[in-house]
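Structural description and commentary
The lines below spell out each chain.
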Amino acid sequence: MSDIGDWFRSIPFITRSWFAASIAVPFVVILGLVDFRNLMLFPELFFNRFQLWRPVTAALSFPGVLGYMYLVNLYFLYHYSTRLETGAFDGRPADYIFMLLFNWICIVIIGLLMNMRLLMIQLIMSVIYVWAQFHKDTVVSFWFGTRFKAHYLPWAILIFNFIVRGSFVNELTGNLVGHLYFFLMFKYPRDLGGRSFLSTPEFLYRLFPNRRGGVSGFGVPPNRPAAQEQGGGSHNWGQGFPLGDE
């Protein structure tokens, strides 16, 4: 148990909190303490009865808890959120929290408009998309040993899940929201010379001040090899979830 505790404490703070909440909320359902429907996003209950917790719990809930797809998505959350928090957003927790908040708000709005009941996959996919944009040329391993550049990873996950589950709406939503964030925060002001539409609010910097040793010059994607990320070395941390290891 000490090894598990040490591993858990080694996860960066924001990812650790998100990861823990994504386990705790479904576990409450397993224990029978809360009806699963009370965690889902229903527009009429959110607007008419002011059940304001639903957008939060919907982003932390998953159908078929302890099922294979739930565990895969937990792995994706841990793996790619950790890579972002200790890489492109290293030392800048406020900026990372702002990215998560921006993506979550966009996903909630889309969920309310499209009657999406659960939002976990969408939020995780938006993080994977942003990570892939920071590491476009990193070669990743995916299902059945296939290898390709990270730029294609979010779309490979979308296609694979469409084949397996017959749906891609959740993945597509996450990819589009991740693209919106990356375009407004980085690509439009940097590559196209446009104004910056997104900036981290000052109150987040006061709550989560920058740490020494973080990435300087936030506002443009850092052009450094992925191996320089914390925990990098010569290992390729860009790998996908290898199905062949089952």
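Here's a quick rundown of the structure. Please read these numbers as outputs of a predicted model, since none were measured by experiment.

Criteria and cut-off values
Residues numbered from 1 in each chain as written. Predicted model: local features only at pLDDT ≥ 70, side-chain atom pairs only at ≥ 80, totals over all residues. Heavy atoms only, no water. Helix = DSSP H or I, 4+ residues; strand = E, 2+ residues; numbered from the N terminus. Buried < 20%, exposed > 50% of the residue type's maximum accessible area, 1.4 Å probe, protein only. Contact = heavy atoms within 4.5 Å. Areas by Shrake-Rupley, 256 points an atom, 1.4 Å probe, with all protein chains shown as cover. Phe/Tyr/Trp six-rings, centres within 6.5 Å; stacked < 30°, edge-to-face > 60°. Axes fitted to C-alpha atoms, helices over the stretch in contact; angles between N-to-C directions. Parallel < 35°, antiparallel > 145°, perpendicular 65-115°, else oblique. Left-handed = near helix turned anticlockwise from the far one by under 90°. Nonpolar A, V, L, I, M, F, W, Y, C, P; charged D, E, K, R; others polar. Core = buried A, V, L, I, M, F, W, Y, C linked by side-chain atoms within 4.5 Å. Polar contact = N/O pair within 3.5 Å; in protein donor to acceptor, adjacent residues only side chain to side chain.

1. Examining the overall build of the protein
- A count of helical and extended segments in the protein gives ten helices and two strands.
- Its helices and strands in sequence order give the protein the pattern α-α-α-α-α-α-α-β-β-α-α-α, from N to C terminus.
- Within the protein, the fraction of its 246 residues that count as buried is 48%.
- A fraction of 69% describes how many contacts in the protein between residues 6 or more apart in sequence connect residues 24 or more apart.
- Accessible area of the protein: about 12,500 Å², with a carbon and sulfur share of 64%.

2. Concerning the packing of aromatic side chains
- Enumeration according to the criterion identifies 22 aromatic pairs in this entry.
- Measuring from centroid to centroid gives 6.3 Å for Tyr 129 and Trp 155, while their planes differ by 90 degrees, and the two rings are edge-to-face. Residue Tyr 129 is located in helix α7 (residues 120-134), and its partner Trp 155 is located in helix α8 (residues 153-165); the two are separated by 26 residues in the primary sequence.
- The class for Tyr 129 is buried, based on a relative accessible area of 6%.
- We classify Trp 155 as partly exposed; its relative accessible area is 33%.
- Between the aromatic rings of Phe 134 and Phe 186, the centroid separation amounts to 5.4 Å while the plane-to-plane angle is 70 degrees, which identifies the pairing as edge-to-face. Residue Phe 134 is located in helix α7, and its partner Phe 186 is located in helix α9 (residues 169-191); the two are separated by 52 residues in the primary sequence.
- With a relative accessible area of 10%, Phe 134 lands in the buried category.
- Grouping aromatic residues by their ring pairs yields a cluster made of Phe 89, Tyr 96, Phe 98, Phe 102, Phe 134, Tyr 181, Phe 182 and Phe 186.

3. Examining unusual backbone geometry
- Phi is positive for Phe 50, which is not a glycine, with a value near 55 degrees.
- In this structure, Phe 50 sits in the loop between α3 (43-48) and α4 (54-58).
- Of note in this structure, Asn 115 is not a glycine but carries a positive phi near 55 degrees.
- With respect to the helices, strands and loops of the structure, Asn 115 is situated in the loop between α6 (93-114) and α7.

4. Structural notes on the packing of helix α5 (residues 68-85) against α7
- It is the contact of α5 with α7, at a shortest axis distance of 9 Å, that shows an interaxial angle of 40 degrees. By the angle between their directions, the pair α5 and α7 is classed as oblique. As for how α5 packs across α7, the hand of that crossing is left-handed. Residues Tyr 70, Asn 73, Phe 76, Leu 77, Tyr 80, Ser 81, Arg 83 and Leu 84 of α5 touch α7, and the partners they reach there are Met 120, Ile 121, Ile 124, Val 127, Ile 128, Val 130, Trp 131 and Phe 134.
- Residues belonging to the contact of α5 with α7 are distributed by class as follows: 13 nonpolar, two polar and one charged.

5. Observations regarding the nonpolar core
- Counting residues in each nonpolar core, the largest one holds 63 residues, and the members touching the most others are Trp 18, Phe 76, Leu 84, Tyr 96, Met 99, Leu 153 and Tyr 181.
- For this core, the secondary structure elements donating two or more residues are α2 (13-30), α5, α6, α7, α8 and α9.

6. Description of the environment of Leu 204
- Locating Leu 204 in the fold gives a position in helix α10 (residues 202-207).
- Residues Leu 204 and Asp 95, spaced 109 residues apart in sequence, show a C-alpha to C-alpha distance of 8.0 Å.
- When residues no more than four places from it in sequence are discounted, the contact partners of Leu 204 are Ala 94, Ile 97, Phe 98 and Leu 101.

7. Some details on the environment of Asn 210
- Considering the arrangement of structural elements, one finds Asn 210 in the segment after α10.
- With 119 residues separating them in the primary sequence, Asn 210 and Gly 91 have C-alpha atoms 5.5 Å apart.
- If near-sequence neighbours (up to four positions away) are discounted, Asn 210 is found in contact with Gly 91, Arg 92, Pro 93 and Tyr 205.

8. Re the side chain of Asn 175
- You can see Asn 175 is positioned in helix α9.
- Classification of Asn 175 as buried rests on a relative accessible area of 0%.
- At 3.4 Å, the side chain of Asn 175 forms a polar contact with the backbone oxygen of Pro 154.
- Leaving out residues up to four positions away in the same chain, Asn 175 has contacts with Met 125, Tyr 129, Pro 154, Trp 155 and Leu 158.

By themselves these figures say nothing about function.
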